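# Residue-level structural notes
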Amino acid sequence: MPAPILEPNEYRTALGPDEVVVKVTHSGVCGTDLHYMMQDMVLGHEAVGVVTSVGSACTIFKPGDRVGWGYEHYSCGSCTPCLTNEECHCLKAGYYGASDFDQGSFSDIGVWKEKWLFRIPDGIQSEDAAPLMCGGASCFSPLIEHCRPIDRVGIVGMGGLGHLAIQFAAKMGCEVIVFSRSESKHTDALALGASSFYDIQHVTSDFSALGITKPIDRLIITAASLVDISQFYPILSRKAIVIPLTATKETLSVPYYDTLFNGVKIIPSMLATRYMQTKMLEFAERHKICPIIEKFPMTEAGIVAALEKLKNGQIRYRAVLSWD
Ligand SMILES: NC(=O)c1ccc[n+]([C@@H]2O[C@H](COP(=O)([O-])OP(=O)(O)OC[C@H]3O[C@@H](n4cnc5c(N)ncnc54)[C@H](OP(=O)(O)O)[C@@H]3O)[C@@H](O)[C@H]2O)c1
Ligand SMILES: [Zn+2]
Ligand SMILES: [Zn+2]
């Protein structure tokens with residue numbers, strides 16, 4: 001169960017010149033929210049809403065604009081990661097769960113830096129845009145960076161991130177292979193663009209047992225918990241890239257010799273730059289990438305029910321809280 005919901009103990013009296021007030025209309029519920037359930041903070045980092053007022057130095061948005069925000073709150077703009085197109089790794093970044101504890105998208109209002117808000121394209125409904133703000137951006141970014149249309153791309157775990165990764169990869173022209181512990185998701189995976197689906201729940205040996213003959217070139221891991229990457233090694237191509245997205249403090253361990261000999265690269269990926277976030281929204285609108293959502297009311301009962309269902313692995317495929 002989540003911790004009791006507390007009354008706020010922080011107050012803002014004035015709007016900063018670079019800040020925007022957003023009336024939140026929808027919020028996705030991301031797997032990462034489960035990690036912060038017991039923390040004294042406003043939860044939620046997949047926000048969509050409407051601008052109601054802007055600070056004196058704002059130039060991008062005006063009241064009435066539809067916007068969203070994601071996991072990163074701000075970056076410094078001048079450290080080495082920021083200057084090398086790696087603002088997600090900014091040395092002075094503000095992130096969900098680490099700063100601005102009074103700001104979260106399980107709310108009615110957010111005060112956000114204008115430069116970290118994203119315009120929602122007209123062709124995407126607000127309830128569909130919410131899961132794109134963290135889940136969508138976080139899997140789109142490594143797909144663009146590491147995957148080519150000629151690649152066989154494995155997606156491990158078909159939850160909020162995974163079901164979006166399938167759609168993005170398929171629309172990019174990749175061949176998509178899903179590895180899931182839920183056979184009940186098989187039909188949906190194919191409908192979203194996967195060419196094949198493997199139920200790995202009961203496979204305790206390595207995954208050569210699945211009978212896959214064509215190797216996997218890229219493996220994107222969106223599972224809620226650490227998976228044993230070594231199980232995939234026999235079905236990876238030489239120089240395959242494994243991209244873990246799972247957020248966990250567990251220890252990742254891989255067979256060193258096989259990693260070396262096969263040239264396997266393990267490149268974790270975290271969030272998306274603002275450029276990539278914007279491109280993701282454009283791509284999603286153009287290719288009609290649409291999350292499959294379960295709606296819950298933006299009430300205490302709705303929030304508790306959505307988190308509980310997510311924790312139990314029962315959401316198909318992203319919970320969205322809504323003021324509708
Ligand atoms: N790196 C980033 O930038 C980033 C951004 C957002 C989220 N995340 C992290 O990415 C992960 C997925 O987030 P999400 O929002 O997609 O969560 P989610 O909706 O709960 O989906 C996770 C999926 O993982 C599978 N799974 C569940 N329990 C598992 C277990 N014990 N072992 C292996 N697989 C399991 C399930 O898929 P099947 O039923 O198909 O097996 C489940 O649907 C979380 O760890 C989250 O914190 C990372
Ligand atoms: Zn920086
Ligand atoms: Zn997230």
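Residues numbered from 1 in each chain as written. Chains lettered and ligands numbered in written order. Predicted model: local features only at pLDDT ≥ 70, side-chain atom pairs only at ≥ 80, totals over all residues. Heavy atoms only, no water.

- With an unreviewed UniProt entry as reference, the protein chain is termed NADP-dependent alcohol dehydrogenase, source organism Lentinula lateritia.
- Looking at the protein chain in UniProt, the text filed under Sequence similarities (unreviewed entry) is "Belongs to the zinc-containing alcohol dehydrogenase family."
- What UniProt states about the protein chain under its Cofactor (unreviewed entry) heading is, verbatim, "Zn(2+)". (UniProt positions renumbered as here; feature names shortened; annotations may be inferred.)

### Description of the coordination of the zinc ion (ligand 3)
- Protein coordination at the zinc ion (ligand 3): the donors are Cys 30 (SG), His 45 (NE2) and Cys 134 (SG), at 2.1 to 2.3 Å from the metal.
- Taken in sequence order, the residues that donate to the zinc ion (ligand 3) follow the motif C-x14-H-x88-C. Note that His 45 is positioned in the loop between β1 (19-29) and β2 (47-54) and Cys 134 in helix α2 (residues 126-146), a separation of 89 residues in sequence.
- A relative accessible area of 5% means that Cys 134 is categorised as buried. (Donors = N, O, S within 2.8 Å, 3.2 Å for Na, K, Ca; no water. Helix = DSSP H or I, 4+ residues; strand = E, 2+ residues; numbered from the N terminus. Buried < 20%, exposed > 50% of the residue type's maximum accessible area, 1.4 Å probe, protein only.)

### Quick word on the site of ligand 1
- The local shell around ligand 1 holds 27 residues, among which Thr 32, Ser 180, Ser 182, Lys 185 and Arg 318 are the closest.
- Ala 224 is positioned with one of its backbone polar atoms (N or O) 3.0 Å from an oxygen atom of ligand 1.
- Contacts to ligand 1 include Arg 318, whose side-chain N or O atom sits 2.6 Å from an oxygen atom.
- Those elements that place two or more of their residues in the shell around ligand 1 are α2 and α3 (160-171).
- For the shell around ligand 1, the class distribution of residues is eleven nonpolar, 13 polar and three charged. (Near = heavy atom within 4 Å. Polar contact = N/O pair within 3.5 Å; in protein donor to acceptor, adjacent residues only side chain to side chain. Nonpolar A, V, L, I, M, F, W, Y, C, P; charged D, E, K, R; others polar.)

### Remarks on the nonpolar core
- By size, the foremost hydrophobic cluster in this structure holds 42 residues, and its most contacted members are Leu 132, Leu 143, Ile 166, Phe 168, Val 178 and Ile 220.
- Contributions of two or more residues to this core are made by α2, β8 (152-156), α3, β9 (175-180), β12 (236-244) and α6 (274-287).
- No other element matches α2, which puts eight residues into this core.
- Ignoring any residue separated from it by four or fewer positions in sequence, one finds Leu 143 in contact with Val 153, Ala 165, Phe 168, Ala 169, Met 172 and Ile 220. (Core = buried A, V, L, I, M, F, W, Y, C linked by side-chain atoms within 4.5 Å. Contact = heavy atoms within 4.5 Å.)

### Quick word on the pairing of strand β10 (residues 196-199)
- With four bridges connecting them, β9 and β10 associate as parallel partners. Note that in β10 the partner of Val 178 across the bridge is Phe 197.
- Crossover β9 to β10 through helix α4 (residues 186-191) is right-handed. (Pairing = 2+ DSSP bridges. Right-handed = clockwise from strand over helix to strand, strands pointing away.)

### Structural notes on the coordination of the zinc ion (ligand 2)
- For the zinc ion (ligand 2), the full set of protein donor atoms is Cys 76 (SG), Cys 79 (SG), Cys 82 (SG) and Cys 90 (SG), and the range of their distances to it is 2.3 to 2.4 Å.
- Classification of the site at the zinc ion (ligand 2) as tetrahedral follows from its four donor atoms and the range of 103 to 118 degrees in their angles at the metal.
- The sequence pattern formed by the donor residues of the zinc ion (ligand 2) is C-x2-C-x2-C-x7-C.
- Residue classification places Cys 82 among the buried residues on the basis of a relative accessible area of 15%. (Tetrahedral: all angles 85-135°; square planar, octahedral: opposite > 155°, others 65-115°.)

### Focus on the environment of His 45
- According to the relative accessible area criterion, His 45 is buried, its value standing at 1%.
- Ignoring anything within four residues of it in the chain, the contact list for His 45 reads Cys 30, Thr 32, Asp 33, Trp 69, Gly 70, Tyr 71, Tyr 96, Ser 105 and Cys 134.
- Of note is the side chain of His 45, whose polar atom sits 3.0 Å from the side chain of Asp 33.

### What about the packing of α2 against α3?
- α3 packs onto α2 with a crossing angle of 50 degrees between their chain directions and a minimal axis gap of 9 Å. The orientation of α2 relative to α3 falls into the category oblique. For the element pair α2 and α3, the recorded crossing hand is right-handed. Touching Pro 131, Leu 132, Gly 135, Gly 136, Ser 138, Cys 139, Phe 140 and Leu 143 of α2 are Leu 161, Leu 164, Ala 165, Phe 168 and Ala 169, all from α3.
- Residue composition of the contact of α2 with α3, grouped by class: ten nonpolar, three polar and no charged. (Axes fitted to C-alpha atoms, helices over the stretch in contact; angles between N-to-C directions. Parallel < 35°, antiparallel > 145°, perpendicular 65-115°, else oblique. Left-handed = near helix turned anticlockwise from the far one by under 90°.)

### Comments concerning the packing of aromatic side chains
- For the coordinates displayed, the defined rule picks out twelve aromatic pairs.
- Measuring from centroid to centroid gives 6.5 Å for Tyr 71 and Tyr 95, while their planes differ by 50 degrees, and the two rings are tilted. You can see Tyr 71 sitting in the loop between β3 (66-69) and β4 (72-74) and its partner Tyr 95 sitting in strand β5 (residues 94-95), a full 24 residues away along the chain. Like Tyr 71, the residue Tyr 95 is buried in the burial classification.
- Ring centres of Phe 168 and Phe 283 lie 6.0 Å apart, and the angle between their planes is 50 degrees; this geometry places the pair in the tilted category. (Phe/Tyr/Trp six-rings, centres within 6.5 Å; stacked < 30°, edge-to-face > 60°.)

### Notes on α3
- Over its twelve residues, α3 extends 17 Å from the first C-alpha to the last, a length consistent with the 16 Å expected when each residue adds 1.5 Å.
- The buried fraction of α3 is high, at ten of twelve residues.
- Listed in full, the buried residues belonging to α3 are Gly 160, Leu 161, Gly 162, His 163, Leu 164, Ala 165, Ile 166, Gln 167, Phe 168 and Ala 169.
- Buried residues belonging to α3 abut α2, β8, β9, α4, α6 and β15 (318-322).
- Following α3 by one or two positions, Gly 173 adopts a phi angle in the positive range, close to 95 degrees. (Expected span 1.5 Å × (residues − 1).)

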